[in-house]
Structure formats: structure tokens, C-alpha cells
2 protein chains.
Amino acid sequence: MAKLISGSDYAPKGKPNPVVKKGEFVFAALGLYHGHIYGMCNGLIEAGGVLKTYYDSDPKYMENFRRNFPDARPAVSENEILNDKEIVLVAGATMTNERCALGLRVMSAGKDYFTDKAPLTTLEQLAQAREMVKKTSKKYACYYSERIHVESAVFAGQLVEQGAIGRVVQVIGFGPHRLSAPNRPGWFFIKKNYGGILCDIGSHNMEQILYYTGAKNGRVVSSHIANYNHSQFPELDDFGDAHIVLDNNATGYFRVDWFTPDGLQTWGDGRLFILGTEGFIEQRKYMNLGVKGSSGGHVFMANGKEETHFHVEGKVGFPFFGQLILDCLNRTENAMTQAHAFKAAELSVIAQNNATVLEATQK
Amino acid sequence: MAKLISGSDYAPKGKPNPVVKKGEFVFAALGLYHGHIYGMCNGLIEAGGVLKTYYDSDPKYMENFRRNFPDARPAVSENEILNDKEIVLVAGATMTNERCALGLRVMSAGKDYFTDKAPLTTLEQLAQAREMVKKTSKKYACYYSERIHVESAVFAGQLVEQGAIGRVVQVIGFGPHRLSAPNRPGWFFIKKNYGGILCDIGSHNMEQILYYTGAKNGRVVSSHIANYNHSQFPELDDFGDAHIVLDNNATGYFRVDWFTPDGLQTWGDGRLFILGTEGFIEQRKYMNLGVKGSSGGHVFMANGKEETHFHVEGKVGFPFFGQLILDCLNRTENAMTQAHAFKAAELSVIAQNNATVLEATQK
């Protein structure tokens, strides 16, 4: 059987749409542990950023990265990047529990930070990150890819913004993922490193719930984690779910899991359902279940006027990256506010910390 | 605009598949308030039952029923039915909060009872119903139509039974409904009468969560109700959701609402998602969203071997009704156990009673 695709291979390419002239926004990649770093760099380059250099202490990651970005130059150390005055932003995808420490070093060096999700794994790290933002006025941006790097998610946001379904009262997300255990590094299975499933892939969903409901805050009313079927990885949560009430009285619920079966056409049937007072939206992000060879980018909407299937692949693009570049240059917050990025992380960590552990064995 | 279809008009017809000879199972209809009574009677007749007579104190309901079942004879009173020794079962769809009292009279008269869902609205009624079952050994069966009278639901149950997706670890249900307020009777908007949204349409989902997970009991860990957008009906819950942990450590979540927009091709995009350790199943019960003129009966499954779309409309039938008839005649419990029918009602009432009320206005 061919190598099955997993979510860590997800690095979409969009259309070049530069918001700056060449050389106006120079960045580096530091910490190449997770495949998301490719999507992060792709997005910034398409928006006009110049990837000058990159570094990881592991030669294997360096070699992979070199093949993908031959125009960039390998650095010999983290410090080479931190001391390079031309570099204004560092993109990083190190181990999840080291992302905050890396960010603190990057921001202390006077640069903005753009980390893979989850951006941190503990409330202590979050407090440090908030403090560093206050101290340096630098950005601690996060690659919540399941919204910002998925065209159906971008388009759904535009529909909501236009009022197509009225006031959003609920968001439900499914984040199933293929485990592909042999292709995952060892740290991926150590809870301290990855932070638990609600912190890790849950953060995507928490961010989306906050975003589509337009809420500033929320409360986790119940959450669970389990390792139902992977006793060979005792620290893996193969399942998690959480139920949230937002500060504007909308509700949210999500389920994340590592149960995508090998018969599925891609790594996960990611879905997002947005219920409004005047209609609803469903996203089928990466595939259209039961339709052979389907691509991603499916948005379904029903409201008082119509029931529609939009196929937006290749049509919407990823405005986040250009906005982030301009935010860094102009010190604005159009791509995503710092408060929002941190709140999604905070609620994910709280959902994880407070989760009831369900035993694998049936009572 | 033509009258929009609402869920109360849902009364599917299957293929005749009699399990008894004509006259071996004679039943009556008593309490014709909800359109579900048509589906209930259709199902029993297709399975070989003879609908002898029917009664409701409201002449309007009597007239509607006569047009649908011209072979049955109108009774002049409830007592005429209760005293008819030939009648072994009474099917009823009176107001929700009167369903238990009617059942107690039916069972006291020595007959089995088959009520529309929700079968009751309070824990006191439940205690009375359980007591009456104990005392009389009669059945208090319930028409949880979203599973027993929906072919995708029946077929999904067969797939789970065959082990096609391994052990079921989670069930998520969406029960959106079109309000069609002008076509609803007044009692429908009085909470004491309909019992609240989690008791009413929530009971369908609670039953399915128990059924597909194979659980005997569960615990409601969080639930909410709201009236987000129907201030003209102050006692209507237009939204409800609930998060459940089952006694076998699976989880369940459902959302029910009255927000189906007029642009949708039918009264509700009912869905059910079953997550197993070896695969998953999605039901699109009444339509396939975004596909014009789609019918119901869509089941999608992915497991280690395949990803498949089954269209089972007209292919699976509704075995519940024949099983119920035989259960009544043979005093067995193959259609549904009494414990299961009551447990679904109990958890629904608990979810409703303990629900946090979300205010319509945004904070």
C-alpha cells in the first residue's frame, strides 16, 4: 500500500498574491519538527515574503526543508537567525511544548513570531507569552491552519460576515485525523510534548468556534479525553471532545480523534457546521465523503432563499498571510488579533486540563 | 409559496410485510394530536396489524384521520376503545404531557400502549409508567421515529451490528426541524405541554445515542436550551444541546433546533454520525445537502477497506413494526426493550430539567 497521507503532510499551495515588494518582508524558519512549517512558509512566500534562512538542530529536518525551499539558505545556529537584523519574523514548528520558549527568544530578539498550532501547552506558558507581548509589543501569531489555510473555512467566514445565515448561534467541528503512527516522530506520543489532543488538534476547533461565533471569550462546560484503541501508545489521546458556551450565549462543540480509517480517500473528513438564526453552513474541508476522488473546498449553505453547494477550491485563496505581513509592517491586527490567538489556546488548554478521562475498557 | 413541509408531516410508507395473518393483531388509535400517528399506524398496518377504530375528542383530527384510514371505523369515545376486548394495542399521539396518563389508562385496560415520542415529560410520569409496567406486564412502547422509521438509521444499525466500524465510541446527532408555526397547534408552544425541546425532539437523539453505542445507561454532563429568535413564542425552546457519557465509556452529543430555513428542500437536514474504532458512518436521513431533489436514505461509511455511499431508500424497510407486533403476541422484547425506551425518555427529561438557559440577547 502506498504511504497514506496524514494531516502533517497538509501544506496547501495557493496563488501568488504579493502584498509587498520583494525584500520588504524577510523571514526565517526555526524549528522544523512538524510538516506544518511547509504550509506556513508557502503562505508567507505567496504573499510576498522572502524566506531568507532556516535552522533546526536535526539534520534530517534540515535536509527535507532544503529540498522544499532550495532558494533559502541553511543557517548554522538559532542565534544566526535571532541576530540577523534583516529578519523581521520567525516562523516555527518545533515540539509543541517548546513553542512558547522559542517564541520568547524570538520576541526578545525583537522579531515577530509565527508558530504552528498549538502555540503552547500550559497556562504558565500562556502567561509568559502574554507578558512578553506586553513587554516587547511583538506578535505571537499562530497558524490555526484548519481555518486560515482552508478555502472552505475562509469562504464560510465571508458568508457569515455578509450575514447570509443571520446571527451565528452554534458551531460544531469534527477534526478526525489519520494516525499513520510509523511516520510520526517519538515526541508526538509523549503527552508532555504534544500537550494532549484537546490542546493539540483541539486548538484548531476552539479557534474556529471563537471566530465563527464572533465571541471574545468562552467557558468549557464539559470535555473528555480517551485512549480507546491505542494501548501501544499509552500517552496518546486518540479521542477528545469539548462543549463550550461563548460569552455571547452561542454554543460550540467539537470532537477530535485519530481514528481516520485507511479506506478513506484522505487523512481526515474534517467538517464544520455553523448554525445561524437564518440558515446554516456546512464545510467539508478536505473531501466530499462518498464521492470518489473528490477534492477539498466544499461549502454548503441553506438560508431563506436557497440551498447551495459552493466548490471553492482554488477560488478563494488565503488572505491571512498577506494580512499578517502587513500587520507586522504596520503594527495592525487584521489577520487575527493577539487576544483571539491566545484565547483559543487558553480554552484548549483548559479543556485538556479539566477533561474527564474515559477508560478504554468498557465498564 | 406552497406550504412548506414540516417534520410533523413525516409519515413514511414502506412495503407491506405482514408478520401475522389478518385479524391476529387488532389495534386502535387514540389521541390524534400529532401527525406522527399516521406513521405509527402505517407501520403497524404494513406489518399485518388491523386498525379497527380510532378516537379523538377534536372533530378536526377525527376528520383528517378518516380521510387517511377510510377502512377504520371512528369510535364515539375513548372508553369504547378501552373496553373493546379485540383490541390488543392502542397507538396514541396525544399532547406530550398527557401521553403517560393515556398510557396508564390503556395498560390498566389490559392493552399494550404504543405512544408517539416523547413518551412522557416528567420524572414523576416516568415513575408511574415504570410502576404500571411492573403491575400489568403490559408494554409502554415508543415511536422514536428518527431511528425506527428511517431506513438509513435501520441500515446503519445493521452495519454497526456486523462490526463494520469496530467498537462504537461516539455518536453525534443533529435534529434540525422546520418550525412552520402557522401549521402548529397552540399546545405545541406551551412548555408544560410539549416538555421542552430536549425532552421532545431530543428524545429521538438520546434514543439513538443509547442504541448505537449499545449502552444501557448514561449521564448528561452538560445541556443547554435557548429561545434565540422566536420571542413571539416565549415558551418555545428553539435550540437545545446535550453532552452525554455512556455507561460503557462512549460519548454522545446532540443538537436540536427549529431553525430549518425555508430555502432547504425538506423539513430538516437530519444527520447522525457514528464513530467507531475501525471506521465511521454518517447518515443523511431525509436529504443529501446541496443535491437538488435528493431523497432520503443516505448512509456513508468508511473503514479499513473502503469508503462507500449506500443509498438505501426503499431497500431496507422498517422491521420495528413487525417485531413490535410479535413482541406483543409473544411477550418478547425484540423491537426494543422497555428498559431502553424508558432510559431514553429519562435522560431526555434530565437533560431538559438540568439545562442551562442561554439568553437570547448577546451579553
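Parameters at a glance
- Residues numbered from 1 in each chain as written.
- Chains lettered and ligands numbered in written order.
- Predicted model: local features only at pLDDT ≥ 70, side-chain atom pairs only at ≥ 80, totals over all residues.
- Heavy atoms only, no water.
- Phe/Tyr/Trp six-rings, centres within 6.5 Å; stacked < 30°, edge-to-face > 60°.
- Helix = DSSP H or I, 4+ residues; strand = E, 2+ residues; numbered from the N terminus.
- Lys NZ or Arg CZ within 6 Å of the ring centre and 35° of its normal.
- Contact = heavy atoms within 4.5 Å.
- Buried area = accessible area lost by both parts, 1.4 Å probe.
- Salt bridge = Lys/Arg side-chain N within 4 Å of Asp/Glu carboxyl O.
- Axes fitted to C-alpha atoms, helices over the stretch in contact; angles between N-to-C directions.
- Left-handed = near helix turned anticlockwise from the far one by under 90°.
- Nonpolar A, V, L, I, M, F, W, Y, C, P; charged D, E, K, R; others polar.
- Pairing = 2+ DSSP bridges.
- Buried < 20%, exposed > 50% of the residue type's maximum accessible area, 1.4 Å probe, protein only.
- Domains from an automatic or database assignment.
- Polar contact = N/O pair within 3.5 Å; in protein donor to acceptor, adjacent residues only side chain to side chain.

**Some details on the packing of aromatic side chains**
In step 1: If you walk through the whole model with that rule in mind, you get 51 aromatic pairs over all chains.
In step 2: Measuring from ring centre to ring centre gives 4.7 Å for A:Phe273 and B:Phe174, while their planes differ by 85 degrees; the resulting arrangement is edge-to-face. Of the two residues, A:Phe273 is situated in strand β11 (residues 271-276) and B:Phe174 in strand β7 (residues 168-176); the pairing between them involves two chains.
In step 3: Taking NZ or CZ as reference, A:Lys60 lies 4.7 Å from the ring centre of A:Tyr61, over its face.
In step 4: For the cation-ring pair, A:Arg184 lies above A:Phe188, with the distance from its terminal atom to the ring centre recorded as 4.5 Å.

**A closer look at the interface of chain B and chain A**
In step 1: Facing 59 residues of chain B, the contacting portion of chain A comprises 59 residues.
In step 2: With both chains or domains summed, chain B and chain A bury close to 4,800 Å², and 57% of this area falls on carbon and sulfur atoms.
In step 3: When the area that chain B buries against chain A is broken down by residue, the three leading residues are B:Asn249, B:Leu289 and B:Glu307, summing to 15%.
In step 4: If you look at where chain B meets chain A, you find two salt bridges.

**Looking at the packing of helix α1 (residues 36-46) of chain A against helix α2 (residues 59-68) of chain A**
Residues and elements named next belong to chain A.
In step 1: Remark: α1 packs on α2, axes separated minimally by 11 Å, with the N-to-C direction vectors making an angle of 35 degrees. For α1 against α2, the interelement crossing comes out right-handed. Side by side, α1 and α2 meet where Ile-37, Tyr-38 and Cys-41 of the first sit next to Tyr-61, Asn-64, Phe-65 and Asn-68 of the second.
In step 2: Taken together, the residues of the contact of α1 with α2 sort by class into five nonpolar, two polar and no charged.

**Thoughts on the sheet that holds strand β13 (residues 298-303) of chain B**
Residue and element names in this part refer to chain B.
In step 1: Read across the open sheet, the nine strands follow the order β14-β13-β12-β11-β7-β10-β9-β8-β15; overall the sheet is mixed. Looking along the sheet, the strands with just one partner apiece sit at the ends: β14 (307-311) and β15 (356-358). Pairwise comparison of adjacent strand axes, ignoring direction, gives a mean angle of 10 degrees for this sheet.
In step 2: Of the pairings in the sheet, the one linking strand β12 (residues 279-284) to β13 comprises six bridges and is antiparallel in character. By the bridge assignment for β13, Glu-282 is matched with Phe-300.
In step 3: Along the sheet, helix α7 (residues 151-161) contacts β7, β11 (271-276), β12, β13 and β14; its crossing angle with β12, the most-contacted strand, is approximately 170 degrees.

**Thoughts on the pattern of salt bridges**
In step 1: Inspection of the entire model under this criterion finds 40 salt bridges over all chains.
In step 2: Of the charged contacts, one joins A:Asp262 and A:Arg178 as a salt bridge, the two residues approaching to 3.9 Å between their closest N and O atoms. Taken as a pair, A:Asp262 in the loop between β10 (251-257) and β11 and A:Arg178 in the loop between β7 (168-176) and α8 (191-194) lie far apart in primary sequence, 84 residues in all.
In step 3: A:Asp262 gets classed as partly exposed once you look at its relative accessible area, which sits at 38%.
In step 4: Each of A:Asp269, A:Arg271, A:Glu282, A:Arg284, B:Asp269, B:Arg271, B:Glu282 and B:Arg284 takes part in salt bridges that share partners, so that together they form one network.

**Let's talk about the domain arrangement of chain A**
Think of interface size as the accessible area that goes away when the parts come together; that is how it is often given.
Residue and element names in this part refer to chain A.
In step 1: When the domains of chain A are assigned, the result is domain 1 (7-143) and domain 2 (147-317 + 350-357).
In step 2: At the boundary of domain 1 with domain 2, total buried surface from both sides reaches about 1,700 Å², with 57% on carbon and sulfur atoms.
In step 3: Linking domain 1 with domain 2 are one salt bridge.
In step 4: Across the domain 1-domain 2 interface, the total number found is four residue pairs in polar contact (both at pLDDT 80 or more).
In step 5: Secondary-structure elements contributing two or more residues to the side of domain 1 that touches domain 2 are α1 and β6 (140-143).
In step 6: For the side of domain 1 that touches domain 2, the element with the most residues is α1, which contributes three residues.
In step 7: Here the side of domain 1 that touches domain 2 is composed, by residue class, of ten nonpolar, eight polar and three charged.

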